[in-house]
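Survey of secondary and tertiary structure
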Amino acid sequence: MRKLLNKKVVLYQKSIDNKLNISQFQDLFLDLEFNPLSGIEAIADRIRGHNGIIVVNFQDLDFITQELEKHKYSKFLIIVYDPEEKTYTQANLSKYVYDIITEPVSNNKVVFSLNKVFTTLKSQIELMNLNSKYEMQTKELHTLNSIGISLSTERDVDKLLETILIKCREIT
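Our subject in this report is the structure included herewith. Quick caveat, the model's predicted, so the values are computed rather than measured.

**Overview of the pairing of strand 2 (residues 32-37)**
Bridge count between strand 1 (residues 8-13) and strand 2: six bridges; the pairing is parallel. Residue Gln 13 lies in a different strand from strand 2, and its bridge partner there is Leu 37. As a crossover connection, the stretch from strand 1 through helix 1 (residues 14-20) into strand 2 is right-handed.

Given below as structure tokens:
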């Protein structure tokens, strides 16, 4: 079972921090590590092996979406900052986008967005972990069931003991 990491990060460009003041909210989200980075490529470099929230400008959305597609074991949700308030449709938004911040920007709007996306992220990661655990337990139950069937059909005691030994080694 692959359990997703507990530490979650918020990745964002320093230029966005100048507009949204994301860094000031670190004390409100103790489970998040805030990482202001120099550019969009630096964000892409930090995706692997992490989970969290990415805050990007609308024009960088396609690039970040492509990067997220490359890292199946990293779980990120995106907040898009779009001061121009474009008209959005489901077709031009990535499946990773969970909120859009437009002008006028306020501290309440940013905190609300971070909280909403962080809560969704935690729920999705927990769901993925539970699903993984469920799949593992299903596989173990199937293995135990097949062992029981094998043991109940075997009449030769030596062969039965050998089967028990082999199956015990497979389980552990």
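Further notes follow.
**Concerning helix 5 (residues 157-171)**
Spanning 15 residues, helix 5 covers 21 Å between terminal C-alpha atoms, matching the ideal 21 Å at 1.5 Å per step. Where helix 5 begins, the capping side chain belongs to Asp 156, and its oxygen is found 3.4 Å from the backbone nitrogen of Asp 158.

**Examining the environment of Ser 15**
By secondary structure assignment, the location of Ser 15 is in helix 1. When its relative accessible area of 34% is taken as the criterion, Ser 15 is described as partly exposed. Between the C-alpha atoms of Ser 15 and Leu 37, which are 22 residues apart in sequence, the distance is 8.9 Å.

**Some points on the pattern of salt bridges**
Per the counting criterion, the structure on display carries four salt bridges. A salt bridge links Lys 70 to Glu 67; the shortest N-O distance between them is 3.0 Å. When its relative accessible area of 57% is taken as the criterion, Lys 70 is described as exposed. Ionic pairing is found between Lys 95 and Glu 69, a salt bridge with its closest N-O pair at 3.5 Å. One end of the pair, Lys 95, is in the loop between strand 4 (75-81) and strand 5 (97-101); the other, Glu 69, is in helix 3 (residues 61-69), with 26 residues separating them in the sequence. Relative accessible area serves as the criterion here: at 45%, Glu 69 is assigned to the partly exposed category.

Cut-offs applied
Residues numbered from 1 in each chain as written. Predicted model: local features only at pLDDT ≥ 70, side-chain atom pairs only at ≥ 80, totals over all residues. Heavy atoms only, no water. Pairing = 2+ DSSP bridges. Helix = DSSP H or I, 4+ residues; strand = E, 2+ residues; numbered from the N terminus. Right-handed = clockwise from strand over helix to strand, strands pointing away. Expected span 1.5 Å × (residues − 1). Polar contact = N/O pair within 3.5 Å; in protein donor to acceptor, adjacent residues only side chain to side chain. Buried < 20%, exposed > 50% of the residue type's maximum accessible area, 1.4 Å probe, protein only. Salt bridge = Lys/Arg side-chain N within 4 Å of Asp/Glu carboxyl O.

What is shown is where atoms sit, not what they do.
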